Amino acid sequence: MENVVLIGMPGCGKSTVGVILAKTLGVDFIDTDLVIQKREGGLLQELLNSRGMEAFLDAESAAVRSVDCAGAVIATGGSVVYRPEAMAHLKKRGRIVYLRLPYPDMMARLSNIKTRGIAIAPGKTMADVYAERVPLYEKYADLTVDCAGLTVEETVTALVDALRA
């Protein structure tokens, strides 16, 4: 089985859905946010605060490009799409699945925007980030699964169905 790579905005369920999808498929699960934290020795928000967004994105890209596996579910950070070399690496190793979530639904799910390690340039809002990233998610996606109004279990079922189609 090739890798299944989950991309999308913060709050869309990449990590939560990814774990359950991996269990459902009987494969390994890798969260690239955890790979970054281990490699860089700090929490995502700490890295953003101490190094700035561009250095964080470079560290994220390097961490993602260090992932070399087959037959796994890989949950990425929402900002992975800002680095084409990271996306090219992931695309060579699996199917990219965009977990699409409308902006209002995303905002309803996010209660920790300032502490969860979201790469937001100074002066930008979450609406700005959403507008920047959606075209990139759409560009890189091999499959898109709409998550609006779905529970985690329903999202996993929709993902499995999309992957088998």
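Since we're looking at a predicted model, the values are computed, not measured.

*Asks:* Where do I start with the sheet that holds strand β1 (residues 3-7) in this structure?
*Replies:* Sheets are built from strands that pair by backbone hydrogen bonding, the pairs being arranged parallel or antiparallel. The sheet built from 5 strands is open, its strands ordered β2-β3-β1-β4-β5 with parallel pairing. Edge positions in the sheet fall to β2 (28-31) and β5 (143-146), since each has one partner strand and no second. Adjacent strand axes in the sheet meet at a mean angle of 25 degrees, parallel and antiparallel pairs treated alike. In this structure, β1 lies alongside strand β4 (residues 94-100), joined through 5 bridges in parallel fashion. In the strand pairing of β4, V5 is matched with I96. Strands β1, β2, β3 (72-75) and β4 of the sheet are contacted by helix α1 (residues 14-25), whose axis makes an angle of about 165 degrees with β2. Across the sheet, helix α7 (residues 126-140) lies against β1 and β4, angled at about 145 degrees from β4, the strand it touches most.

*Asks:* What am I meant to see in the pattern of salt bridges here?
*Replies:* Two side chains of opposite charge can pair, provided their charged atoms sit close to one another. Evaluated as defined, the whole model comprises 8 salt bridges. Taking the shortest distance from any N to any O, the salt bridge between R51 and E40 comes out at 2.4 Å. Highlighted residues: R51 in helix α3 (residues 44-51) and E40 in helix α2 (residues 32-40), separated in sequence by 11 residues. Taking the relative accessible area as the measure of exposure, R51 reaches 40% and is therefore partly exposed. Between K124 and E132 there is a salt bridge whose closest N-O contact spans 3.0 Å. Relative accessible area serves as the criterion here: at 31%, E132 is assigned to the partly exposed category.

*Asks:* Explain the side chain of H89 here, please?
*Replies:* Position of H89 among the secondary structure elements: in helix α5 (residues 84-93). A distance of 3.4 Å separates a polar side-chain atom of H89 from the backbone oxygen of R65. Within the local environment of H89, its side chain forms a polar contact with the side chain of R93, the two groups lying 3.1 Å apart.

*Asks:* Can you walk me through the pairing of β3 in this structure?
*Replies:* In β3, alternate side chains face the same way, and those of A72 and I74 on one face and V73 and A75 on the other are all buried. Inspection of the sheet shows β1 paired to β3 by 3 bridges, in the parallel sense. Each residue of the ladder has a partner; that of L6, found in β3, is A75. Pairing of β2 with β3 involves 4 bridges; the strand directions are parallel. The partner of F29 across the bridge, within β3, is V73.

Parameters at a glance
Sequence order as written defines the numbering, with residues in each chain counted from 1. Whole-chain, interface and lining totals are the exception, using all residues; otherwise, since this is a predicted model, local features are given only for residues with pLDDT of at least 70 and side-chain atom pairs are given and counted only at 80 or more. To obtain the side-chain values, all non-hydrogen atoms of the structure were included, while hydrogens and water were left out. When DSSP finds at least two bridges between two strands, those strands are taken to pair. Comment: elements are numbered from the N terminus, with helices defined as DSSP H or I runs of at least four residues and strands as E runs of at least two. In this analysis an axis means a line fitted to C-alpha atoms, helices contributing only their contacting stretch, and an angle means the value between N-to-C directions, from 0 to 180 degrees. It only takes one pair of heavy atoms within 4.5 Å for two residues to be counted as in contact. Whenever Lys or Arg places a side-chain nitrogen within 4 Å of a carboxyl oxygen from Asp or Glu, that contact is recorded as a salt bridge. Only protein chains enter the accessibility calculation, which uses a 1.4 Å probe; a residue whose area is less than 20% of its type maximum is buried, one above 50% is exposed, and one in between is partly exposed. As used in this structure description, the phrase polar contact means that two N or O atoms lie within 3.5 Å; if the pair is within protein, one of them must be able to donate a hydrogen and the other to accept it, and residues adjacent in sequence are counted only when both atoms belong to side chains.

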